[in-house]
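Listed here are the chains, written in short residue letters.
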Amino acid sequence: MKRIFSGIKPTGHLTLGNYLGAVRRWVEEEQYRTDALFSVVDLHALTVHHDPARVRRLTLQAATLLLAAGLDPARCTVFVQSHVDEHTRLSYLLECTAADGELRRMIQYREKASRAEAAGQGVRLSLLTCPVLMAADILAYGTDEVPVGEDRTQHVELARDLAVRFNRRYGHTFTVPRATRPRVGARVMDLQDPTSTMGKSHASPAGIVHLLDDADTVRRKVGRAVTDSGSELVYDRAERPGLANLLDVLAACGGGDPRDLAGAYTSYGALKKDAAEAVVELLAPVRKRHAELASDPAYVGGVLREGAERARAMARPRVDTAYRAIGLLPPG
Ligand code: TYM
């Protein structure tokens, strides 16, 4: 059975982008057809300016949301990254495998570093090295496939490169993983700024639908989505990104092809209304289940404890092998 690993970072409240680009596929497909691990990757949340209490709160909230969305702990392993030491143990070995230049070239590093600098917050060294930690997350488990949204493909490529390089230098140790993407919803754009990705930590929340937004908030945000003023509704991501984004969201929620859907509408108002209702319907059961689970933190805590134990047992032998392969003396 294929092994898959994917993660989500608790830097903000989870968004519709996280759901359509990643979580929904984990819930509806991956956990049934693969041996899957899903992690709230809290160490990654420390790579930018952060508030400790908020990260702790968001970590629990993200884990609760993953279960609310339908991850079943009897079918897959759900855990918090920092509960399993193997990630940081392996990350150092991969830092000794990666080159400074290949990390500095990462698009996300360049974007986030310039944002942090502009905010006067300084750029943390971990922001540069976090793709190596992500590679460790993936390689520690012998992962075959990594289901991610489009924005993470470059990072999975780095994990591939590091696996190949390590294996060549020190002997076969790691499976070489590959990224997989959803057919639609791989890149949900910000509703107010449809040329940038809908992200958790965008400055303005008006263009971001959060999984825990209530129905009226979703309707308001989708209703105010920026579109262009062309009279004919056609699907064109490059020329008409706002319209294309709404069509993508509608298609991702309800099935169908965004190009075909474009032909079915004659007004922006009707499209926005249907897109909003489709999102409301999609998120309602997740919100409801989240409220139930949030009132039972002991259950969620138990799932995470068991998940971490399982994950540790899976990662440990491979990471120990990597320690020996690279030349470290095993403890006597
Ligand atoms: P993160 O937390 O930014 O995103 C989690 C997942 O959601 C997808 N995603 C989107 N998909 C479509 N449209 C969007 N607007 C959108 N926004 C986010 C992301 O592609 C991702 O699949 N570094 C990673 C987390 C990570 C990880 C890993 C993932 C750490 N280690 C190992 C896979 C394997 C991150 O920050 O994701």
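Cut-offs and rules
- Residues numbered from 1 in each chain as written.
- Predicted model: local features only at pLDDT ≥ 70, side-chain atom pairs only at ≥ 80, totals over all residues.
- Heavy atoms only, no water.
- Phe/Tyr/Trp six-rings, centres within 6.5 Å; stacked < 30°, edge-to-face > 60°.
- Lys NZ or Arg CZ within 6 Å of the ring centre and 35° of its normal.
- Helix = DSSP H or I, 4+ residues; strand = E, 2+ residues; numbered from the N terminus.
- Expected span 1.5 Å × (residues − 1).
- Buried < 20%, exposed > 50% of the residue type's maximum accessible area, 1.4 Å probe, protein only.
- Arc of directions from axis to C-beta.
- Near = heavy atom within 4 Å.
- Polar contact = N/O pair within 3.5 Å; in protein donor to acceptor, adjacent residues only side chain to side chain.
- Nonpolar A, V, L, I, M, F, W, Y, C, P; charged D, E, K, R; others polar.
- Salt bridge = Lys/Arg side-chain N within 4 Å of Asp/Glu carboxyl O.
- Domains from an automatic or database assignment.
- Contact = heavy atoms within 4.5 Å.
- Buried area = accessible area lost by both parts, 1.4 Å probe.
- Axes fitted to C-alpha atoms, helices over the stretch in contact; angles between N-to-C directions.
- Parallel < 35°, antiparallel > 145°, perpendicular 65-115°, else oblique.
- Left-handed = near helix turned anticlockwise from the far one by under 90°.
- Pairing = 2+ DSSP bridges.
- Right-handed = clockwise from strand over helix to strand, strands pointing away.

Peer 1: Looking at this structure, I do not really get the packing of aromatic side chains. What am I missing?
Peer 2: Given two aromatic rings, one states the distance between the centres and the angle between the planes to describe the pair. Inspection of the entire model under this criterion finds 6 aromatic pairs. Positioned over the ring face of Y323 is R89, at 4.5 Å from the centre of the ring.

Peer 1: Help me out: how do you make sense of helix α5 (residues 107-118) in this one?
Peer 2: It helps to recall that an α-helix has 3.6 residues per turn; residues three or four apart then point in one direction. For α5, spanning 12 residues, the distance from its first C-alpha to its last is 17 Å, which sits close to the expected 16 Å at 1.5 Å a residue. Residues of α5 that are buried include every one of Q108, Y109, A113 and A116, and no others. The buried side chains of α5 occupy one side of the element, clustering within an arc of 120° when seen end-on. Downstream of α5 by a residue or two, G120 has a phi angle that is positive, lying close to 70°.

Peer 1: What's the story with the site of the ligand in this structure? I'm lost.
Peer 2: Taken together, 26 residues surround the ligand, and among them D137, G149, D151, V188 and K200 come closest. Within the backbone of K9, an N or O atom sits 2.8 Å from an oxygen atom of the ligand. Residue M198 places a main-chain N or O atom 2.9 Å away from a nitrogen atom belonging to the ligand. A class-by-class count of the residues in the shell around the ligand yields 11 nonpolar, 9 polar and 6 charged.

Peer 1: Got a minute to help me understand the pattern of salt bridges in this structure?
Peer 2: Counted under the stated rule, the structure contains 21 salt bridges. The closest approach of N and O atoms between K288 and E292, which form a salt bridge, is 3.7 Å. Taken together, the positions of K288 and E292, both in helix α11 (residues 268-294) and 4 residues apart, correspond to about one turn of that helix. Residue classification places E292 among the partly exposed residues on the basis of a relative accessible area of 36%. The network of salt bridges with common partners includes K2, R25, E30, R33, E145 and R178.

Peer 1: What exactly am I supposed to notice about the domain arrangement of the chain here?
Peer 2: The parts lose accessible area when they come together, and the size of an interface is often stated as this lost area. For the chain, the assigned domains read domain 1 (3-186 + 297-326) and domain 2 (215-292). Distance from the C-alpha centre of domain 1 to the C-alpha centre of domain 2: 29 Å. Contact residues are listed per partner, giving 12 residues for domain 1 and 12 residues for domain 2. Here domain 1 packs against domain 2, burying approximately 1000 Å² in sum over the two surfaces, 73% of which is carbon and sulfur. When the buried area of domain 1 at its contact with domain 2 is split by residue, L16, A68 and V184 rank highest and sum to 38% of it. Linking domain 1 with domain 2 are 0 salt bridges. Viewed at the interface, domain 2 and domain 1 are joined by 1 residue pair in polar contact (both at pLDDT 80 or more). Where the side of domain 1 that touches domain 2 is concerned, the elements lending two or more residues are α1 (16-33) and α2 (52-69). In terms of residue count, the dominant contributor to the side of domain 1 that touches domain 2 is α2 (5 residues).

Peer 1: When you look at the environment of W26 in this model, what are you seeing that I'm missing?
Peer 2: Tracing the backbone shows W26 in helix α1. C-alpha of W26 to C-alpha of S6: the two residues are 20 residues apart in sequence and 8.5 Å apart in space. When neighbours within four sequence positions are excluded, W26 is seen to be in contact with S6, G7, I8, Q31, F38, L66, L71 and P147.

Peer 1: Can you walk me through the side chain of E30 in this structure?
Peer 2: Relative to the assigned elements, E30 resides in helix α1. Taking relative accessible area as the criterion, E30 reaches 1% and is therefore assigned buried. Sequence-distant contacts of E30, that is, excluding residues within four places in its chain, are made with I4, R25, A36, F38, P147 and T180.

Peer 1: Just checking my understanding: could you explain helix α3 (residues 86-95) for this structure?
Peer 2: Listed as buried for α3 are E86, H87, L90, S91, L93 and L94. Seen end-on, α3 carries its buried residues on one side only, within an arc spanning 165°. On its buried side, α3 packs onto β1 (3-8), β3 (77-80), α6 (125-139), α7 (153-170) and α12 (297-325).

Peer 1: Honestly, the packing of α6 against α7 in this entry has me stumped. Any pointers?
Peer 2: The axes of two packed helices give the description: the angle between them and the distance between them. Two elements in contact, α6 and α7, have axes separated by 9 Å at closest approach and are oriented at 70°. On the basis of their axis angle, the class for α6 and α7 is roughly perpendicular. Judged by the twist between their axes, the crossing of α6 over α7 is right-handed. Counted together, P131, V132, M134, A135, I138 and L139 of α6 and H155, V156, L158, A159, L162 and A163 of α7 form the full contact between these two elements. A per-class count over the contact of α6 with α7 returns 11 nonpolar, 1 polar and no charged.

Peer 1: Quick question: what am I supposed to make of the pairing of β1 here?
Peer 2: Burial runs high along β1: 5 of the 6 residues are buried. Pairing of β1 with strand β2 (residues 35-40), which is carried by 6 bridges, proceeds in the parallel orientation. Its bridge partner being in β2, S6 is matched across the sheet by F38. Crossover handedness for the path β1 to α1 to β2: right-handed.

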